[in-house]
Structure formats: C-alpha cells, structure tokens
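# Descriptive analysis of the structure
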Amino acid sequence: MPAGEVTPALEVDDLHVTLGSTAILHGVSLCVDHGDTVALMGANGSGKSTLVKALVGINPIESGRVSFFGTDTSARGARRVLRRIGYVPQRIHAGGGVPSTAIEVVRAGLLGPGRLFARTSDTAKARRALARVGLEKRENDTVHTFSGGQAQRLLIARALVREPEMLILDEPLAGIDSSSKDSLAHTIAQMKAEGVTSLIVLHETGALDDLLDYAITLDGGRVVSVGPPHPPEPGHDHPDHDHVHPHASATAHPRTPDLKD
Ligand SMILES: Nc1ncnc2c1ncn2[C@@H]1O[C@H](COP(=O)(O)OP(=O)(O)OP(=O)(O)O)[C@@H](O)[C@H]1O
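Just so you know, the residues in each chain are numbered from 1, in the order the chain's sequence is written. Residue-level local features of this predicted model are given only where pLDDT is at least 70; pairs of side-chain atoms are given and counted only at 80 or more, and the full residue set underlies all totals for whole chains, interfaces and linings. Calculated side-chain values reflect all of the structure's heavy atoms, with hydrogen atoms and water omitted.

## A few points about the environment of Glu11
To keep things clear, this is the line we draw: By the criteria applied, helices consist of DSSP H or I runs no shorter than four residues and strands consist of E runs no shorter than two, each listed in order from the N terminus. Under the scheme applied here, a residue whose accessible area is under 20% of the maximum for its type counts as buried, over 50% as exposed, and between as partly exposed, the area being computed with a 1.4 Å probe on protein chains only.
In this fold, Glu11 is placed in strand E1 (residues 10–19). Its relative accessible area of 12% is what places Glu11 among the buried residues. In this structure the C-alpha to C-alpha distance between Glu11 and Leu55, which are 44 residues apart in sequence, comes to 9.8 Å.

Okay, here's the thing in structure tokens:
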C-alpha cells in the first residue's frame, strides 16, 4: 500500500475457497474502507455466503489472504482481530434445541476463543445491545417465540454486544416484513453514523438503498463488478455486467471507487 494511505477495514486478495471437492471462489479480491456500508450482491449460488463465511473463519481458505484492519487473519495469533468483527449469519442457530432467552443469546456473543467464561458485566452489555435493536422488553422471552424479523434483530444484537468496528451481515433482509426491514435499516444507519464499517449480503438493496456506498457483485465465485448498487429487475437473476468496474477482476485488487457524490 502506498505511504500515506489509510489501512482499509477489509482487504481480500486472490481468495480461493474449495468446499468438499468443489472450487467455489476463484480468486476473489476486494477492499472495503473504514466507515463504508457495502452490499455484496449476486445471483443465487454466486458464492456470497461462502465468501463471508471464509472471511470470519467458518469456511477454510485454500489460498489467498484476508486482512481486517491491516492484520492478516492467517498470521500467528492474528485471529483475535476477528473479535473486532460482528458476524450476523443468515439464520438463527442459537439454542440448539435448548430453549434460550434473548438475553442468553446476546450474552453468548461475548464468549468465544480466549473468553470462555461470562462476566458479571455481560448482562448490562447484553441489555444495551438489545435496546439498540428495540428488543429491550423481550430479554426473558425464549427465542422460538420471536418472529423472523425479531430473530434477525436478535442476531444483530448478539453481534453488536462486542461493540464491533465492522459488521458482516448475511442476507439480513431475507424473509422479514417491511417494518422489520425499516427497523434494520435504522440500526445499520446508527452503526454507520458511529463509523462502523458494514459488508451486507443482499439480493436487493430495498430498505438499505440510501445507506449503501457501493455494491460488490459476485458471479460464479468471482467479483464481476464494483459500483453503484443496482437492484436486480424482477426475473433478472444475474448481475448486471454492463456495470463492470474497470478495477474489478477475479485476481486484481480493486480499490473502493469514490461513488459518494
Ligand atoms: N459445503 C458445501 N459443499 C459443496 N458446495 C457448496 C457448499 N456450500 C455451498 N456450496 C456451493 O457453493 C456455491 C455457492 O454457494 P453460496 O451459498 O456461497 O452462494 P450464495 O451466493 O450465498 O447463494 P444464495 O444467494 O442462494 O444464498 C453453490 O453452488 C453451492 O451449492
């Protein structure tokens, strides 16, 4: 990186991911700057979830490099940088059949490698996170009583409880009603105002349209465009190749275009 340039929040360089015997990502490179809110788009099966799971260490990386805030996640001891990232998966898995209350789910967000035991202060932190997503009155309700939109907000609270510097959300708008979408947009707008960087897997920009700085589009496990978010037209299940960014390629390292004006 040239001298004087600010370290990006996220840099991905020539990332290859193979699941089972199938190569899914074929040299993905991208860059997200601090404070940006970026959509990760593309048709079904283009590799969006595979990519975000590889970023947060759920999927193994075959080759290539992922750096958050200038720290290469493959370096010795570097995985603690992931504590600065809040990951919101596609669906709620909390509880594993055991009834969990909302506050338990959110408190669990504070645990992980290097932090196996709860602290007394965790409950207060979890309450603050629940309040940020408007679920403060539901802390003792079990998760299975939550609607899809409420469950999505609960997952976001679980990510926010760590006060992350970057949020990675996998399809947060899927299967939720329009008022839940609006409240999700409000939460993400608050995060953005606080300088939190976000990478959000989306099929359509919808309620988040005004918040997005730009979109990265995948197709067949490759980045095919970096540019303004274009919601796909109905029945149009493929990314818009008319808007391929000149710096976006499967192996190049596209810098964020300045699209904010
Ligand atoms: N564990 C796995 N083993 C083998 N192939 C997998 C595995 N998980 C995903 N795939 C395949 O990888 C490709 C990309 O899947 P992925 O879920 O990343 O796409 P996506 O863009 O997130 O799709 P969607 O929009 O439908 O969620 C698909 O062809 C999928 O079938």
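## Looking at the sheet that holds strand E3 (residues 37–41)
The line we're drawing: Between any two strands, pairing holds if DSSP finds at least two bridges. Every axis in this analysis is a line fitted to C-alpha atoms, fitted for helices over the stretch in contact. Angles between the N-to-C directions lie between 0 and 180 degrees. Two residues form a contact once any of their heavy atoms are found within 4.5 Å.
Pairing within the open sheet is mixed, and its six strands lie in the order E6-E7-E8-E3-E9-E10. If you trace the sheet from one side to the other, it starts and ends with strand E6 (85–88) and strand E10 (222–227), each paired once. Averaged over all pairs of adjacent strands, the angle between strand axes in this sheet comes to 15°, irrespective of strand direction. Two elements, strand E7 (residues 166–170) and strand E8 (residues 197–201), share five bridges in a ladder whose sense is parallel. The partner of Leu169 across the bridge, within E8, is Ile200. Along the sheet, helix H4 (residues 148–160) contacts E6 and E7; its crossing angle with E6, the most-contacted strand, is approximately 160°.

## Some points on the nonpolar core
This is how the line gets drawn: The term nonpolar core refers to a set of buried residues drawn from Ala, Val, Leu, Ile, Met, Phe, Trp, Tyr and Cys, joined through side-chain atoms within 4.5 Å.
In this structure, Val106, Leu130, Leu154, Ile156, Leu167, Leu202 and Leu208 are the most contacted members of the largest nonpolar core, which totals 37 residues. No other element matches the seven residues that H4 contributes to this core. By size, the runner-up hydrophobic cluster in this structure holds 32 residues, among which are Val28, Val32, Val38 and Leu218.

## Quick notes on the site of the ligand
Note the cut-off: By convention in these notes, a residue is near a molecule or strand provided one of its non-hydrogen atoms lies within 4 Å of it. Polar contacts here mean pairs of N or O atoms no more than 3.5 Å apart (in protein, one a potential hydrogen donor and the other a potential acceptor; neighbouring residues in sequence count only if both atoms are side-chain atoms). For the accessible areas, the method is Shrake-Rupley and the probe is 1.4 Å, while residue cover comes only from the protein chains on display. Side-chain classes follow a simple rule in which Ala, Val, Leu, Ile, Met, Phe, Trp, Tyr, Cys and Pro form the nonpolar group, Asp, Glu, Lys and Arg form the charged group, and the remainder, Gly included, forms the polar group.
Around the ligand, the structure places 13 residues, and the nearest of them are Gly45, Lys48, Ser49, Thr50 and His203. At 2.7 Å, a side-chain N or O of Lys48 approaches an oxygen atom of the ligand. At 2.9 Å, a backbone N or O of Ser49 approaches an oxygen atom of the ligand. Contact with the protein chains hides 58% of the accessible area of the ligand, taken as 640 Å² for the molecule alone. With three residues, the top contributor of residues to the shell around the ligand is helix H1 (residues 48–55). When the residues that make up the shell around the ligand are grouped by side-chain class, the tally is three nonpolar, eight polar and two charged.

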